[in-house]
Amino acid sequence: MIMRARTHSGRQRAGQESGAAAVEFAIIMPILFSLVFGIIGFGMIFAQQLSLGNGARQGSRFGVVDGHSCQDVVDETQNASETVNMSASDVDVTMKLGTSESSASPICANAATMSTDEPCETSADGDNLYVYAAYESPVTVPLLPMKGPTFHLQSVGVFRCEFTTAS
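This is a predicted model, so every value here is computed, not measured.

Trainee: It is not clear to me how the side chain of asparagine 128 should be interpreted in this structure. Could you clarify?
Mentor: You can see asparagine 128 is positioned in strand β3 (residues 128-138). A relative accessible area of 8% means that asparagine 128 is categorised as buried. Polar side-chain contacts of asparagine 128 include one of 3.4 Å to the side chain of tyrosine 130.

Trainee: In this structure, what is going on with the environment of threonine 94? I would like to understand it.
Mentor: Among the structural elements, threonine 94 can be located in strand β1 (residues 92-98). Residues threonine 94 and isoleucine 107 lie 13 residues apart in sequence; the distance between their C-alpha atoms is 8.0 Å. What threonine 94 contacts, discounting residues up to four positions off in sequence, is Tyr130, Val131 and Tyr132.

Trainee: Would you take a moment to explain the sheet that holds β3 for this structure?
Mentor: Strand-to-strand pairing in sheets goes through backbone hydrogen bonds, with the strands running parallel or antiparallel. Judged by pairing direction, the sheet is antiparallel, and its 4 strands sit side by side in the order β2-β1-β3-β4 without closing on themselves. Of all strands in the sheet, those bounded by a partner on one side alone are β2 (105-107) and β4 (150-160). Sheet twist, expressed as the mean angle between neighbouring strand axes with direction ignored, is 30 degrees. Where β1 meets β3, 7 bridges bridge the pair, whose relative direction is antiparallel. Bridging from a neighbouring strand, valine 93 pairs with alanine 133 of β3. Contacts from helix α2 (residues 70-81) reach β1 and β3 within the one sheet, and its direction differs from that of β1 by about 125 degrees.

The rules behind the values
Residues numbered from 1 in each chain as written. Predicted model: local features only at pLDDT ≥ 70, side-chain atom pairs only at ≥ 80, totals over all residues. Heavy atoms only, no water. Helix = DSSP H or I, 4+ residues; strand = E, 2+ residues; numbered from the N terminus. Buried < 20%, exposed > 50% of the residue type's maximum accessible area, 1.4 Å probe, protein only. Polar contact = N/O pair within 3.5 Å; in protein donor to acceptor, adjacent residues only side chain to side chain. Contact = heavy atoms within 4.5 Å. Pairing = 2+ DSSP bridges. Axes fitted to C-alpha atoms, helices over the stretch in contact; angles between N-to-C directions.

Printed below as a string of structure tokens:
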């Protein structure tokens, strides 16, 4: 009989503890899910920043070669920047030309001549082409109705113009 009493009392404890485990699980799961989805979200932002940097470098390298128009540079930068959860058309591309970033002047700003102007056609010896790529990256949080923060990602690619047509 003593054995039955112990078994019976052991069963009661196991039943009480399984309920406690369910409560602990319910308390810890929102924290765990937030942590996991936070890591995933910031990992995607990091991948987007890397891709944006690669796109800006690719666009500036593409732009210094003779025969490519400003529109070609914009298209190349956007296409090279496309990655997970980031559309190429949402990447904003601007360009500058000059010997240093602080003294560089904006170029290719006229939408009407974007397809005919070449970024380095008016460059002088020692001029660099600066291609800026920017993207607004929203953080999406699954299962939450609120909108997450937005990160402004930007990158610059720099290459020296390989040819000059200015005299």
